[in-house]
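Inside the fold
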Amino acid sequence: FENALARHIDEPDTEQRWERVASAVGHKSAIDCKRRYELLVEDVRNICAGRVPMPNYSNSDGADDHSGLPSTSGDGGSGSGRSGSGRSKKAGAAGARTADQERRKGIPWTEEEHRLFLLGLAKFGKGDWRSISRNFVISRTPTQVASHAQKYFIRLHSMNKDKRRSSIHDITN
């Protein structure tokens with residue numbers, strides 16, 4: 001898609017342009033291509049506006065790597081499963097972890113984020129976490145929205161409602 005778009009980016013935004021992009025892609029309609037382009041533009045605007053945090057990619061030597069690829073140094077990336085010291089992730093005591101390797105705790109959802117989640121859930125339905133993230137809870141990733149939804153539905157259907165502590169998941173409207 002991106003290569004086809006790059007070949008036709010200087011053309012006026014017309015139906016013919018999107019037909020040519022779709023023809024180059026091969027398996028998408030002109031409407032699909034234009035919608036994907038609009039979603040990419042929206043993503044770039046959110047990044048430029050600071051609504052999307054920049055990922056912290058680093059090399060095993062601690063220097064910044066601006067290649068845009070996840071680190072393979074064992075700090076949670078999808079690398080070889082070995083840390084920069086050559087030791088397996090499971091080897092050694094838990095206290096031997098460096099600051100980069102510490103598990104990051106999640107930031108609790110605010111009531112406003114939860115209300116936006118519920119609005120997105122009403123509009124897009126269960127399972128379309130990407131759309132809910134993009135259009136309603138823009139401060140959270142689709143993975144975070146999916147995790148929140150999982151906890152919300154477990155809480156919604158759990159028993160012993162009178163014995164549990166109050167939670168943000170109790171807000172239903």
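Let us look at the structure shown here. Remember, it's a predicted structure, so these values are computed and weren't measured experimentally.

Take Glu-113: it is sitting in helix H4 (residues 111–124). Of the residues examined, Glu-113 reaches a relative accessible area of 11% and is grouped as buried. At a separation of 2.6 Å, a polar atom in the side chain of Glu-113 contacts the side chain of Ser-139. Once residues lying within four places of it in the same chain are set aside, the contact partners of Glu-113 are Pro-108, Val-137, Ser-139 and Arg-140.

For an α-helix, the turn length of 3.6 residues means that residues three or four places apart are oriented alike. Of the residues making up helix H2 (residues 15–25), those classed as buried are Arg-17, Trp-18, Val-21, Ala-22 and Val-25. The arc enclosing the buried residues of H2, seen along the axis, measures out at 135°, which places them on a common side. Looking at the packing, one finds that the buried side of H2 touches helix H1 (2–8) and helix H3 (30–48). Downstream of H2 by one or two residues, Gly-26 has phi in the positive range, about 100°.

Counted under the stated rule, the structure contains 5 aromatic pairs. Considering the side-chain rings of Trp-18 and Tyr-37, the 5.3 Å spacing of their centres and the 45° angle between planes classify their relative orientation as tilted. In this pair, Trp-18 sits in helix H2 while Tyr-37 sits in helix H3, placing the two residues 19 residues apart along the sequence. Under the relative-accessibility criterion, Trp-18 is labelled buried at 2%. Geometrically, the ring pair formed by Tyr-152 and Phe-153 is edge-to-face, given 5.2 Å between the ring centres and 65° between the ring planes. Here Tyr-152 falls in the buried class, since its relative accessible area comes to 5%. The structure contains a cluster of three or more aromatic residues connected by ring pairs, namely Trp-109, Phe-117, Tyr-152 and Phe-153. Cation over ring: Arg-17 sits above Tyr-37, and NZ or CZ is 5.6 Å from the ring centre. In this structure, Lys-126 is placed above the aromatic ring of Phe-153, and the distance from its NZ or CZ to the ring centre is 4.2 Å.

At a closest axis distance of 8 Å, the pairing of H2 and H3 adopts a crossing angle of 100°. Taken as axis vectors, H2 and H3 run roughly perpendicular relative to one another. Of the residues in H3, those touching H2 at Trp-18, Glu-19, Val-21, Ala-22 and Val-25 are Ala-30, Cys-33, Lys-34 and Tyr-37. The residue makeup of the contact of H2 with H3, split by class, is 7 nonpolar, no polar and 2 charged.

One finds Trp-109, Phe-117, Leu-118, Leu-121, Trp-129, Ile-132, Val-137, Val-145, Ala-149, Tyr-152 and Phe-153 forming the largest nonpolar core, which totals 11 residues. Among the secondary structure elements, those contributing two or more residues to this core are H4, helix H5 (129–135) and helix H6 (142–157). The element that contributes the greatest number of residues to this core is H6, accounting for 4 residues. Setting aside residues no more than four positions away along its own chain, Ala-149 makes contact with Phe-117 and Trp-129. Within the second largest apolar cluster, 9 residues are counted, among which are Phe-1, Trp-18, Ala-22 and Ala-30.

It is worth spelling out the packing of H4 against H6 at this point. Where H4 meets H6, the closest approach of the two axes is 12 Å, and the angle between their N-to-C directions is 90°. Of the possible angle classes, the one that applies to H4 and H6 is roughly perpendicular. Contact residues: His-114, Phe-117, Leu-118 and Leu-121 in H4; Val-145, His-148, Ala-149, Tyr-152 and Phe-153 in H6. Of the residues in the contact of H4 with H6, the class split is 7 nonpolar, 2 polar and no charged.

Cut-offs applied
- Residues numbered from 1 in each chain as written.
- Predicted model: local features only at pLDDT ≥ 70, side-chain atom pairs only at ≥ 80, totals over all residues.
- Heavy atoms only, no water.
- Helix = DSSP H or I, 4+ residues; strand = E, 2+ residues; numbered from the N terminus.
- Buried < 20%, exposed > 50% of the residue type's maximum accessible area, 1.4 Å probe, protein only.
- Polar contact = N/O pair within 3.5 Å; in protein donor to acceptor, adjacent residues only side chain to side chain.
- Contact = heavy atoms within 4.5 Å.
- Arc of directions from axis to C-beta.
- Phe/Tyr/Trp six-rings, centres within 6.5 Å; stacked < 30°, edge-to-face > 60°.
- Lys NZ or Arg CZ within 6 Å of the ring centre and 35° of its normal.
- Axes fitted to C-alpha atoms, helices over the stretch in contact; angles between N-to-C directions.
- Parallel < 35°, antiparallel > 145°, perpendicular 65-115°, else oblique.
- Nonpolar A, V, L, I, M, F, W, Y, C, P; charged D, E, K, R; others polar.
- Core = buried A, V, L, I, M, F, W, Y, C linked by side-chain atoms within 4.5 Å.

By themselves these figures say nothing about function.
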